[in-house]
Every structure is written in structure tokens, then in C-alpha cells.
Amino acid sequence: MATTRNILSSFRYEVAKAARTCDVSSKHKIVAGEKHFAYEPVPGQRKNICMACAPAIIKKAQDHLAKIASELS
Ligand SMILES: [Zn+2]
């Protein structure tokens, strides 16, 4: 049986190697050494999300997945 691919494997927490700007608001700065959420909607095009915005972003994705999963049955 083929191994199931994880299509969300780009979702991860990272420690910023340099200063970043939060993708939700350009007013949110992520400083070097700070933990933040990251994902790649397009491989190689990383989006950085500050820890203040990360819970809402992850919840939205969870809700979307739950909705999709509920439509299977
Ligand atoms: Zn933010």
C-alpha cells in the first residue's frame, strides 16, 4: 500500500534566523531568535506568522479540515 502523503507537512514552528514580518499584518514584526509559525502555500514560498496570530490561523485551518472531513460521510 502506498504511503499516505502529508499535504500539510510544510506547517511548522520555526525559530527566526533573521527579522521577519508577520504575513497577517505588516505591523507585526518577528525578531531574530523568536519562535513563529511557518507554512508554504507554494513550495519555496514561506509565509511567516507571529505567535499572536498563529492560534487563529491554525484554528481556521482546523475548522476547514473538520468541515471537509464531515462532508466525507
Ligand atoms: Zn501577526
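Note: the structure precedes this text.
Residues numbered from 1 in each chain as written. Predicted model: local features only at pLDDT ≥ 70, side-chain atom pairs only at ≥ 80, totals over all residues.

Caption draft 1: Layout of the overall build of the chain. Each helix and strand counted, the chain has one helix and five strands in total. Secondary structure elements in the chain, listed N-terminal to C-terminal, are β-β-β-β-β-α. Taken over C-alpha atoms, the radius of gyration comes to 14 Å for the chain, far larger than the 11 Å a tight globule of 73 residues would show. A separation of at least 24 residues holds for 31% of the contacts in the chain among residues at least 6 apart in sequence. (Helix = DSSP H or I, 4+ residues; strand = E, 2+ residues; numbered from the N terminus. Rg over C-alpha atoms; globule rule 2.2 N^0.38 Å. Contact = placed C-beta atoms within 7 Å.)

Caption draft 2: Focus on the pairing of strand β5 (residues 45–49). When strand β4 (residues 35–42) meets β5, the two strands line up antiparallel, connected through four bridges. Of the residues in β5, the one forming a bridge with alanine 38 is asparagine 48. Linking β4 back to β5 in an antiparallel pair, the connection comprises two residues, with glycine 44 at a positive phi of about 90°. (Pairing = 2+ DSSP bridges.)

Caption draft 3: Inspection of the environment of threonine 21 at higher detail. Checked against the element boundaries, threonine 21 lands in strand β2 (residues 20–21). Contact partners of threonine 21, with chain neighbours within four places excluded, come to Ser26 and Lys29.

Caption draft 4: Looking closely at the nonpolar core. Core analysis: the largest hydrophobic core is formed by five residues, namely Cys22, Ile30, Phe37, Ile49 and Cys50. Sequence-distant contacts of cysteine 50, that is, excluding residues within four places in its chain, are made with Cys22, His28, Ile30 and His36. (Core = buried A, V, L, I, M, F, W, Y, C linked by C-beta atoms within 7 Å. Buried ≥ 20, exposed ≤ 12 C-beta atoms within 10 Å, placed from the backbone.)

Caption draft 5: Expanded view of the sheet that holds strand β1 (residues 12–15). Pairing within the open sheet is antiparallel, and its three strands lie in the order β1-β4-β5. Taken across any chain shown, the strands that pair with only one partner, and hence form the sheet edges, are β1 and β5. Across the sheet, the axes of successive neighbouring strands diverge by a mean angle of 45°, strand direction being ignored. (Axes fitted to C-alpha atoms, helices over the stretch in contact; angles between N-to-C directions.)

Caption draft 6: Quick peek at the environment of tyrosine 39. Within the secondary structure layout, tyrosine 39 lies in strand β4. Classification of tyrosine 39 by C-beta neighbours within 10 Å gives partly exposed; the count is 18. Among residues more than four places away in sequence, those in contact with tyrosine 39 are Ser10, Phe11 and Lys47.

Spatial relationships are all this shows, so hold off on functional conclusions.
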